[in-house]
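One letter stands for each residue in the lines below.
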Amino acid sequence: VMIRDAEAWGQVWAKDAYWSLPEVPGHEEFRGRNAIVKGWVDSMTQYASMTDYGEPMIYIATPGAIEVDGDEATSRVYTSEIYKDAKTKNEIRVRGQYDDQLRRIDGHWLYTRRIYKILHVG
């Protein structure tokens, strides 16, 4: 995300993965890696710093829990984002939570399901 590389970002997803941002209009769900990458590219337009090379976006992801069972895993990740809104240029601070399912495929851990929940916006 921070280097705006859609191809690299797409490689963390299984081909049949599911990504959901149910509280973000237009981004409620994506099925399959190609749809997920397209949705991500579209979502990046909301970040002024990602589109006009202004102040950098600050993004911090903090693992809350990781449980591994063979080639399957679940995780919870808490996020903190600070960025400027592309339309208003106002600073936005978002705290969120990802609940994830992952699978080891060909030796690589890939997301198979990732659901985001907004915890706080300021």
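Going along each chain's sequence as written, the residues are numbered from 1 onward. Residue-level local features of this predicted model are given only where pLDDT is at least 70; pairs of side-chain atoms are given and counted only at 80 or more, and the full residue set underlies all totals for whole chains, interfaces and linings. Where side-chain values are given, they derive from all heavy atoms of the structure, hydrogens and water being excluded.

K.L.:
Summarise the nonpolar core; cite the residues concerned and give the values.
P.N.:
Buried Ala, Val, Leu, Ile, Met, Phe, Trp, Tyr and Cys residues that are joined via side-chain atoms within 4.5 Å together make up what is termed a nonpolar core. Each residue is assigned to one of three classes by its accessible area relative to the maximum for its type, calculated with a 1.4 Å probe on protein chains only: buried under 20%, partly exposed between the two thresholds, exposed over 50%. Grouped together as the largest cluster of nonpolar side chains are 22 residues, with contacts concentrated most on Trp9, Trp13, Trp19 and Ile36. The set of elements that each furnish at least two residues to this core consists of β1 (13–20), α2 (33–43), β4 (72–84), β5 (91–105) and β6 (108–121). If sequence neighbours within four positions are ignored, Ile36 has contacts with Trp9, Trp13, Ala17, Tyr18, Trp19 and Phe30. For the purposes of this entry, the term helix denotes a DSSP run of H or I that reaches at least four residues, the term strand denotes a run of E that reaches at least two, and both are numbered from the N terminus. Between two residues, a contact is recorded if the distance between any of their heavy atoms is within 4.5 Å.

K.L.:
Lay out the packing of aromatic side chains with the relevant residues and their values.
P.N.:
A pair of Phe, Tyr and Trp rings is counted when the ring centres sit within 6.5 Å of each other, with Trp represented by its six-membered ring. The angle between the planes then sorts it: under 30 degrees is stacked, over 60 is edge-to-face, the rest tilted. Across all of its chains, the model carries 7 aromatic pairs by this definition. Considering the side-chain rings of Trp13 and Trp19, the 5.9 Å spacing of their centres and the 50° angle between planes classify their relative orientation as tilted. As far as burial versus exposure is concerned, Trp13 and Trp19 are alike and both buried. In this scheme, Lys NZ or Arg CZ marks a charge over a ring once it lies within 6 Å of the ring centre and within 35 degrees of the ring normal. The side chain of Arg114 reaches across the aromatic face of Tyr98, ending 3.7 Å from its centre.

K.L.:
Talk me through the pairing of β1; I want residue IDs and the actual numbers.
P.N.:
Along β1, 6 of the 8 residues are buried, which leaves the element largely enclosed by surrounding structure. Criterion used throughout: strands pair if DSSP finds at least two bridges between them. In this structure, β1 lies alongside β6, joined through 4 bridges in parallel fashion. Note on β6: the bridge partner recorded for Trp13 is Tyr111. Bridge analysis of β1 against strand β2 (residues 30–31) gives 2 bridges, and the strand direction is antiparallel. Directly across from Tyr18, in β2, lies its bridge partner Arg31.

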